[in-house]
Amino acid sequence: MKSHIYTLRVEFGDCDPAQIVWFPNFFRWVDAASRHFFVQCGLPDWKTTERERGILGTPLADTQAKFLRPASYGDVLQIESQVSEWRRRSFVMKHQIRRADVVLVEVTEVRVFARRKGDGSDPHAIEAVAVPEDWRALCE
């Protein structure tokens, strides 16, 4: 399985008054790490994929997180991401967020490749499509 490491530095504004990372930021960073994984695999940006294939991105269908240890401003975090399972219309991504060798958070996501549904009159209506085999091959 291919994996990608996305590195970031926690900023003061990422933290709550106790100076620990506010938990929704982990989900924001994992979402970015997911996109970086696909870019590293050779997929184009979502604007291009929508124009060329009608696929607008990989929205979440389900997510779970285990918060094991806190992070604070100034910490350098690495998010290692990989697809652990490919399904017909979805896939499972695993993310491990570390500070050096210490695991802080583990996130599992189920995502789909999606396109706009119907005639486009509702810009928020989307539907899952089959995982493109050529993209899967690039990411395995």
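Residues numbered from 1 in each chain as written. Predicted model: local features only at pLDDT ≥ 70, side-chain atom pairs only at ≥ 80, totals over all residues. Heavy atoms only, no water.

Identification of the chain as Acyl-CoA thioesterase from Leptothrix discophora is taken from an unreviewed UniProt entry.

(A) Local environment of the overall build of the chain. For the chain, the helix and strand inventory stands at three helices and eight strands. In sequence order, the chain lays out its α and β elements as β-α-α-β-β-β-β-β-β-β-α. Expressed as lengths along the three principal axes of its C-alpha atoms, the size of the chain is roughly 50 × 35 × 25 Å. Looking at the 140 residues of the chain, the share that counts as buried comes to 39%. (Helix = DSSP H or I, 4+ residues; strand = E, 2+ residues; numbered from the N terminus. Buried < 20%, exposed > 50% of the residue type's maximum accessible area, 1.4 Å probe, protein only.)

(B) Quick look at a nonpolar patch on the surface. A surface patch of nonpolar side chains, amounting to about 360 Å² of accessible area, comprises Trp22, Phe23 and Phe67. You can call Phe67 partly exposed: its relative accessible area is 43%. (Patch = residues over 30% accessible without salt bridge, like charges linked within 9 Å, V, L, I, M, F, W, Y side chains within 5 Å. Areas by Shrake-Rupley, 256 points an atom, 1.4 Å probe, with all protein chains shown as cover. Salt bridge = Lys/Arg side-chain N within 4 Å of Asp/Glu carboxyl O.)

(C) Here's a closer look at the sheet that holds strand 3 (residues 60–67). The strand order across the open sheet formed by five strands is 1-4-5-6-3, and the pairing between neighbours is antiparallel. The open sheet terminates on both sides in strands that have one partner only, identified here as strand 1 (4–9) and strand 3. In this sheet, neighbouring strand axes are inclined to one another by 20 degrees on average, regardless of whether the strands run parallel or antiparallel. Pairing between strand 1 and strand 4 (residues 76–86): six bridges, direction antiparallel. Each bridged residue has a counterpart across the sheet, and for Leu8 the counterpart in strand 4 is Leu77. Strand contacts of helix 1 (residues 24–41): strand 1, strand 3, strand 4, strand 5 (91–99) and strand 6 (102–111), with the helix running at about 65 degrees to strand 4, the strand carrying the most contacts. (Pairing = 2+ DSSP bridges. Axes fitted to C-alpha atoms, helices over the stretch in contact; angles between N-to-C directions. Contact = heavy atoms within 4.5 Å.)

(D) Quick look at the nonpolar core. Ranked by internal contacts, the top residues of the largest apolar core, which has 16 residues, are Phe26, Trp29, Leu77 and Ile79. At the level of elements, strand 1, helix 1, strand 4 and strand 6 are the ones that each hand at least two residues to this core. The dominant element in this core, judged by the number of residues it contributes, is helix 1, at four residues. In this structure Phe26 touches Val21, Phe67, Ala71, Leu77, Ile97 and Val105, once residues within four positions along its chain are discounted. (Core = buried A, V, L, I, M, F, W, Y, C linked by side-chain atoms within 4.5 Å.)

(E) The arrangement of helix 1 in detail. Taking 1.5 Å of rise per residue, the 18 residues of helix 1 would be expected to cover 26 Å, and the 26 Å separating its terminal C-alpha atoms lies within 8% of that figure. When helix 1 is considered as a whole, its buried residues turn out to be Asn25, Phe26, Trp29, Val30, Ala33, Ser34, Arg35, Phe37, Phe38 and Cys41. Trailing helix 1 by a residue or two, Gly42 shows a phi angle of about 110 degrees, which is positive. (Expected span 1.5 Å × (residues − 1).)

(F) Summary view of unusual backbone geometry. Phi at Gln19 is positive, roughly 65 degrees, even though this residue is not glycine. Tracing the backbone through its elements, the reader meets Gln19 in the loop between strand 1 and helix 1. Not every positive phi belongs to a glycine, and Ala100 is a case in point at roughly 55 degrees.

(G) Looking closely at the environment of Ile20. As for its position among the elements, Ile20 is in the loop between strand 1 and helix 1. For Ile20, a relative accessible area of 34% puts it in the partly exposed group. For the pair Ile20 and Asp119, spaced 99 residues apart in sequence, the C-alpha to C-alpha distance is 45 Å. Excluding residues that lie within four positions of it along the chain, Ile20 makes contacts with Asp14, Cys15, Pro70 and Ala71.

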